Amino acid sequence: MRNNLAHVFAIGVLLLVSLSSTGAVSDTELDRKLQKAHAAGELAGLHGVLIVHKGDVIAESYFEGNDERWGTPLPNAEHSETTLHDLRSVTKSVVGLLYGIALDEGIVPPVDAPLIAQFPQYADLAGDPQRDRIQVQHALSMRMGTEWNEDLPYTDPRNSEIAMEYAPDRYRFVLDRPMVADPGEEWRYSGGATAIIAKLIADGAAMPIDRYARQKLFEPLGIEKFEWVRGRGGVPSAASGLRLTLPDLVKIGQLILDDGVHDGRRIVSREWLRESFKPRAELNELRYGYQWWLASWGDPPSWVAGFGNGGQRLTVQPEHDLIIAVFAGNYNRPDAWKLSVKIIEEYLVPQLRANPGK
């Protein structure tokens, strides 16, 4: 789901510098401050915070509150370290990792391969010189040059992601959108591009993307409990359907910090992570790589992140050995980004400044 660009910029800057609580798993000074603030109504919609700094958990707290499962209401949900929660568009970043794993296995095309040619079932779409220039990398970086609009509310059937869900053939729907720019020229936020990337993985692996993720990413990381919500036609939603626990989301962040290695085993190649975090689109306040948001400064970027509708966050800042993961229930609210900014600005940054050696 699309995110307000301002919140990404705000979080990058800050990293430089009535619901009832279900309690804190850890008992740190930062946990106690978050618990107090939530009880005072200052962190409305917050479901969970897990922050790891230099390998130490400096906050892990969970809170009750209304939630959703891919749009289906879950009223008065109790959240804990074992509760599955929507990632929404953080799902896209996981798909980006999976493409790198599949690429290392040789089961998906290289990033410079022509995209339309990978779908012979849509041979009628070939032959347009402009469309034929779309490459896999343009889908990975959301620069396909095709029409796509997720600025409309996700309750509006004209929203391109919703229209894709209701199309008779979701992949044809994505690939035959009118061309509005040369491939690689313009960036457009597109859940359809992610769906195409997931289709390439599923076809290459001869299994749905959720099964591939279980075998190649989740099980190696020790992630046993997950759900990947399926849309119409029984297809796992590559753009927004993954549900994980907060500690398991942090395992993905730790994998990035550890350069693709977990417990002595390489899961994702170092080369793929570097390619993923190279800026492919300059977006004023931020940059975009292969399914990952990037800080607007630094080479490599000062931070990389996945962001999701409602306030879902996974931010990894290698320079400071820092992982921030947030779950929240402020779905479809344009100001949902403010919650994570508040946590970082008013609670995390002062804590790190007060304890610079930790």
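Summary of the structure given here. Here the structure is a predicted model, which is why all the values come from computation and not from measurement. (Residues numbered from 1 in each chain as written. Predicted model: local features only at pLDDT ≥ 70, side-chain atom pairs only at ≥ 80, totals over all residues. Heavy atoms only, no water.)

**Here we look at the packing of helix H2 (residues 29-39) against helix H11 (residues 337-354)**
- Contact pair H2 / H11: the axes reach a minimum separation of 10 Å and the direction vectors enclose 155 degrees. For the element pair H2 / H11, the angle class is roughly antiparallel. Considering only the axes of H2 and H11, their crossing is right-handed. Here Glu29, Leu30, Lys33, Leu34 and Ala37 of H2 lie close against H11, whose contacting residues are Ile343, Tyr347, Leu348 and Gln351.
- When its residues are assigned to classes, the contact of H2 with H11 shows 6 nonpolar, 1 polar and 2 charged. (Axes fitted to C-alpha atoms, helices over the stretch in contact; angles between N-to-C directions. Helix = DSSP H or I, 4+ residues; strand = E, 2+ residues; numbered from the N terminus. Parallel < 35°, antiparallel > 145°, perpendicular 65-115°, else oblique. Left-handed = near helix turned anticlockwise from the far one by under 90°. Contact = heavy atoms within 4.5 Å. Nonpolar A, V, L, I, M, F, W, Y, C, P; charged D, E, K, R; others polar.)

**So, the pattern of salt bridges**
- Under the definition given, this model contains 22 salt bridges.
- The partner of Asp27 in a salt bridge is Arg32, with the nearest N and O atoms 3.1 Å apart.
- Judged by its relative accessible area of 59%, Asp27 is exposed. (Salt bridge = Lys/Arg side-chain N within 4 Å of Asp/Glu carboxyl O. Buried < 20%, exposed > 50% of the residue type's maximum accessible area, 1.4 Å probe, protein only.)

**Some points on the sheet that holds strand E7 (residues 227-228)**
- Taken in spatial order, the 3 strands line up as E6-E8-E7 in an open sheet, and their pairing is antiparallel. Looking at the sheet topology across the chains shown, the edges are occupied by strand E6 (85-86) and E7.
- Across 2 bridges, the pairing between E6 and strand E8 (residues 242-244) is antiparallel. Its bridge partner being in E8, His85 is matched across the sheet by Leu244. (Pairing = 2+ DSSP bridges.)

**Describing the side chain of Asp156**
- Here Asp156 is to be found in the loop between helix H4 (136-140) and helix H5 (160-166).
- On the basis of relative accessibility, which here comes to 13%, the residue Asp156 falls in the buried class.

**A closer look at the side chain of Arg177**
- Take Arg177: it is sitting in the loop between helix H6 (170-175) and helix H7 (191-205).
- For Arg177, a relative accessible area of 19% corresponds to the buried category.
- Once you skip the residues sitting within four places of it in the chain, Arg177 turns out to touch Arg131, Thr146, Glu147 and Trp148.

**Quick notes on the packing of aromatic side chains**
- Overall, the coordinates contain 13 aromatic pairs when judged by the stated rule.
- Here Tyr99 and Trp272 contribute two aromatic rings whose centre-to-centre distance is 6.1 Å and whose plane-to-plane angle is 40 degrees, an arrangement assigned as tilted. Within this pair, whereas Tyr99 is found in helix H3 (residues 90-105), its partner Trp272 is found in helix H10 (residues 270-276), the two being separated by 173 residues in sequence.
- Tyr99 sits in the buried class, given a relative accessible area of 0%.
- With centroids separated by 6.1 Å and ring planes inclined at 15 degrees, the aromatic side chains of Tyr189 and Trp293 adopt a geometry described as stacked. Separated by 104 residues along the polypeptide, Tyr189 in the loop between H6 and H7 and Trp293 in strand E13 (residues 293-294) bring together distant segments of the chain. (Phe/Tyr/Trp six-rings, centres within 6.5 Å; stacked < 30°, edge-to-face > 60°.)

Taken by themselves, the reported measurements are silent on function.
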